[in-house]
Amino acid sequence: MDPSKISLAFYSDEYSEAVRRYVIKELHFTGSPQEAVETCKRESDRYAILVLDEETVVGFFVLHGRAGAKKYTNNRKALLLRTFSIDSRFQGKGYGRRTIALLDIFVKEHFPNTDEVVLGVNHANVAAQKLYLHHGFADTCRRVTGIHGEQLVLSKRLGRK
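These numbers were taken from a predicted model, which means no experiment stands behind them.

Rules of the game
Residues numbered from 1 in each chain as written. Predicted model: local features only at pLDDT ≥ 70, side-chain atom pairs only at ≥ 80, totals over all residues. Heavy atoms only, no water. Phe/Tyr/Trp six-rings, centres within 6.5 Å; stacked < 30°, edge-to-face > 60°. Helix = DSSP H or I, 4+ residues; strand = E, 2+ residues; numbered from the N terminus. Buried < 20%, exposed > 50% of the residue type's maximum accessible area, 1.4 Å probe, protein only. Arc of directions from axis to C-beta. Contact = heavy atoms within 4.5 Å. Pairing = 2+ DSSP bridges. Axes fitted to C-alpha atoms, helices over the stretch in contact; angles between N-to-C directions. Right-handed = clockwise from strand over helix to strand, strands pointing away. Core = buried A, V, L, I, M, F, W, Y, C linked by side-chain atoms within 4.5 Å.

A word on the packing of aromatic side chains. For any pair of aromatic rings, the description consists of the separation of the ring centres together with the inter-plane angle of the planes. Enumeration over the complete set of coordinates arrives at 8 aromatic pairs. With 6.2 Å between their ring centres and 70° between their planes, Phe-10 and Tyr-47 make a pair best called edge-to-face. With Phe-10 in strand 1 (residues 6-10) and Tyr-47 in strand 2 (residues 46-53), the pair connects residues that are 37 residues apart, well separated along the chain. Residue classification places Tyr-47 among the partly exposed residues on the basis of a relative accessible area of 30%. Within the aromatic cluster, the residues linked to one another by ring pairs are Phe-10, Tyr-47, Phe-106 and Phe-111.

Pasting the structure below:
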């Protein structure tokens, strides 16, 4: 992996086949990109985002506006990061770290009124917790109940230029 070739992009139908072939071996911590894309098409405040290594889809997540974020924060300028995954065929190569590192820049560019990104991470998903905490997210000490149990609410404040 060449980190300079990793980018984040809004989903478009030209990637529908790549998303259809996306592989997640452990769906208990995340949602399916295929289902998430369909939900994003129906809900105007959800945005499907692709993680690309050049033109290859290696990861996926959704940024959800106020309707999603309000369960996690009272901040009206927050976005919720959800359904984050790296395709199982590409895991262990640093794509997750690189994605989280690029997130601030992407959000600042495309959602300039946003000053916080929040997420819920399953209490049993220690690897994901470490990834987020290492990249500037903080445990808010809030807990919410998700489909698969208790989630820690993590938050990252975004600096402004």
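Structure shown, so let's carry the discussion forward.
Looking now at helix 5 (residues 126-134). Each α-helix winds once per 3.6 residues, and so residues spaced three or four apart point in a common direction. Residues of helix 5 that are buried include every one of Ala-128, Gln-129, Leu-131 and Tyr-132, and no others. Down the axis of helix 5, the buried set is contained in an arc of 160°. They therefore lie on one face. The exposed set on the far side of helix 5, more than 90 degrees from its buried face, consists of Ala-127, Lys-130 and His-134. Summarising the contacts, the buried residues of helix 5 are in contact with strand 4 (78-86), helix 4 (95-110), strand 5 (116-122) and strand 7 (149-157).

A few words now on the sheet that holds strand 2. Pairing is mixed in the open sheet, where 7 strands are placed in the order 1-2-3-4-5-7-6. One side of each edge strand has no neighbouring strand; the edge strands of this open sheet are strand 1 and strand 6 (138-146). Direction aside, neighbouring strands of the sheet carry axes that sit 30° apart on average. As paired elements, strand 3 (residues 56-64) and strand 4 share 5 bridges and run antiparallel to each other. Of the residues in strand 4, the one forming a bridge with His-64 is Leu-80. Seen against the sheet, helix 4 touches strand 1, strand 2, strand 3, strand 4, strand 5 and strand 7 and runs at an angle of roughly 50° to strand 1. The sheet contacts of helix 5 involve strand 4, strand 5, strand 6 and strand 7, and relative to strand 5 the element is tilted by about 160°.

Turning our attention to the pairing of strand 5. Counting buried residues along strand 5, 6 of its 7 residues qualify, which places the element largely inside the surrounding structure. Note that strand 4 and strand 5 share 3 bridges and pair parallel. Along strand 5, the bridge assignment pairs Ala-78 with Glu-116. This β-α-β element, strand 4 to helix 4 to strand 5, shows right-handed connectivity.

This part is about the nonpolar core. Within the largest apolar cluster, 28 residues are counted, with the highest numbers of intra-cluster contacts made by Phe-61, Leu-63, Leu-81, Leu-103, Val-107, Tyr-132 and Phe-137. Among the secondary structure elements, those contributing two or more residues to this core are strand 1, strand 2, strand 3, strand 4, helix 4, strand 5, helix 5 and strand 7. A per-element tally of this core places helix 4 first, with 6 residues. Once you skip the residues sitting within four places of it in the chain, Tyr-132 turns out to touch Leu-81, Phe-84, Ile-100, Leu-119, Val-121, Phe-137 and Leu-154.

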